[in-house]
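Below are the chains, spelled out letter by letter.
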Amino acid sequence: MQRRTLLKTGAALALATPALSQAATTVTLKFHTFMASQSNVWQNMHKVWMDKVSKESGGRIQFEAYPAMQLGGSPAQLYDQAKDGVVDIIWTIPGYTAGRFARIEVFELPFMMSNAEATSRACWEFMQTMAFEEFKDTQVLALQVHGPGVLHTKNKQIKTAADLKGLKMRGPTRQVTKMLGYLGAIPVGMPLPAIPDALSKGTIDGAVLPWEVVPSVKVQELTRFHSQFEPASGALYTATFVMAMNKAKYQSLPPELRQIIDNNSGLQTSGWLGRTQQAGDDAGRQAALARGNTIYTIGPADAQEFKRKASLVEVQWVQDMNQRGLDGQQLLSTARNLIAKHSKLAAEPAPATPPVKTKLKKT
């Protein structure tokens, strides 16, 4: 009798061991990006996201955090680093690899947006319904955009589109560099980390950037003039960002840890990232003012000339999509409708009190 009891106890322990082992599993994920450690994005988005995931997992998900390309490679290689399992999670600009993520470029077209949170939510929904194929090689955690793009120049204030003629201006992606070309500038494509050196050496006369990233690359120290648009005119441009995870790593996580990642992914996380990034715009603007730089706001009349010249980018993008066997106009209309939808939702006031759940009577 005693032997039988011992055997049963041993068998029960043996069956429980894998479950106990799984419950105790701790996973360390490598997070890699090109953003500097002092940037708004790293401090208020990436670190906050990692801390939240770690806390919600009870410490079972840990991170090795690598800003500023500390693990090597270039910003354009980050997506493949996640795809190939060199790292576990990345955050980068898909447009750094020109033409590879062509459908999602619709959000980078001139004057498409003004609110980063609403457009980031639209971007996530668009990817899920219209551009999933482009990102199928990874587990996409979030898609977002930054706040309105601004013109920053060393020696000349930009007040009209004509003022850009002949200036060497940095752009982040192929759609933005096309736009700069149509506006009369000499477009120079380069990733964010290369900007300070290019401005210092005179390789470029200026750059387009959102306000929030300006302090992290010291653009307020390397330029003297800044030109922004009134919110009613829309944004000159924005860039699309992706936070993606190695698919095999994601699938290897225990179900409860996958759920933690899922809870911090998707529509809400995309919107939060966009909102947080645009919230950093004022600090960047203040940094320029503190240096005594000149900030000029381009009025509606002059904005129309920018829009007229830049509209050729949109026409070309639709044609490019059509040549790829896609319906370019449908993709453009879908993106615009999603931005309008999420902008309207963002503008709706929250209910004063939580909705009351009505209990159904049994019949």
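Just so it is clear, the structure is predicted and the values come from calculations on it, not from any experiment. (Residues numbered from 1 in each chain as written. Predicted model: local features only at pLDDT ≥ 70, side-chain atom pairs only at ≥ 80, totals over all residues. Heavy atoms only, no water.)

Participant: How should I be thinking about the packing of helix α12 (residues 300-323) against helix α13 (residues 328-347) in this particular structure?
Facilitator: Packed helices, taken two at a time, are described by their axes: the angle between them and the distance between them. In contact at an axis separation of 7 Å, α12 and α13 are set at 125° when each is read in the N-to-C sense. Taken together, the axes of α12 and α13 lie oblique to each other. Contact residues: α12 offers E314, W317, V318, M321 and N322, while α13 offers G328, Q329, L331, L332 and R336. When its residues are assigned to classes, the contact of α12 with α13 shows 5 nonpolar, 3 polar and 2 charged. (Axes fitted to C-alpha atoms, helices over the stretch in contact; angles between N-to-C directions. Helix = DSSP H or I, 4+ residues; strand = E, 2+ residues; numbered from the N terminus. Parallel < 35°, antiparallel > 145°, perpendicular 65-115°, else oblique. Contact = heavy atoms within 4.5 Å. Nonpolar A, V, L, I, M, F, W, Y, C, P; charged D, E, K, R; others polar.)

Participant: Got a minute to help me understand the pattern of salt bridges in this structure?
Facilitator: It is possible for side chains bearing opposite charge to pair when their charged atoms get close. Evaluation of the coordinates by the stated rule reveals 16 salt bridges. Between E56 and K52 there is a salt bridge whose closest N-O contact spans 2.7 Å. Of this pair, E56 and K52 both sit in helix α2 (residues 40-56), 4 residues apart, roughly one helical turn. A relative accessible area of 37% means that E56 is categorised as partly exposed. Judged by its relative accessible area of 39%, K52 is partly exposed. Residue K201 is joined to D197 by a salt bridge in which the shortest nitrogen-to-oxygen separation is 3.3 Å. Taken together, the residues K201 and D197, both in helix α6 (residues 195-201) and 4 residues apart, mark about one turn of the helix. (Salt bridge = Lys/Arg side-chain N within 4 Å of Asp/Glu carboxyl O. Buried < 20%, exposed > 50% of the residue type's maximum accessible area, 1.4 Å probe, protein only.)

Participant: I keep staring at the layout of surface pockets and nothing clicks. Help me out?
Facilitator: The gaps left among the atoms become clear once a water-sized probe is rolled over them. Considering only enclosed or pocket space, the largest pocket measures out at about 220 Å³ in volume. Every element with two or more residues in the lining of the largest pocket is listed here: β5 (149-153), β9 (225-229) and α11 (281-290). Grouping the amino acids of the lining of the largest pocket by side-chain chemistry returns 7 nonpolar, 6 polar and 3 charged. (1 Å grid on protein atoms, 1.4 Å probe; cavity = no way out; pocket = protein on both sides within 12 Å on 5 of 7 lines; lining within 4 Å. Points joined across faces, edges and corners; volume = space filled by probe spheres on them.)

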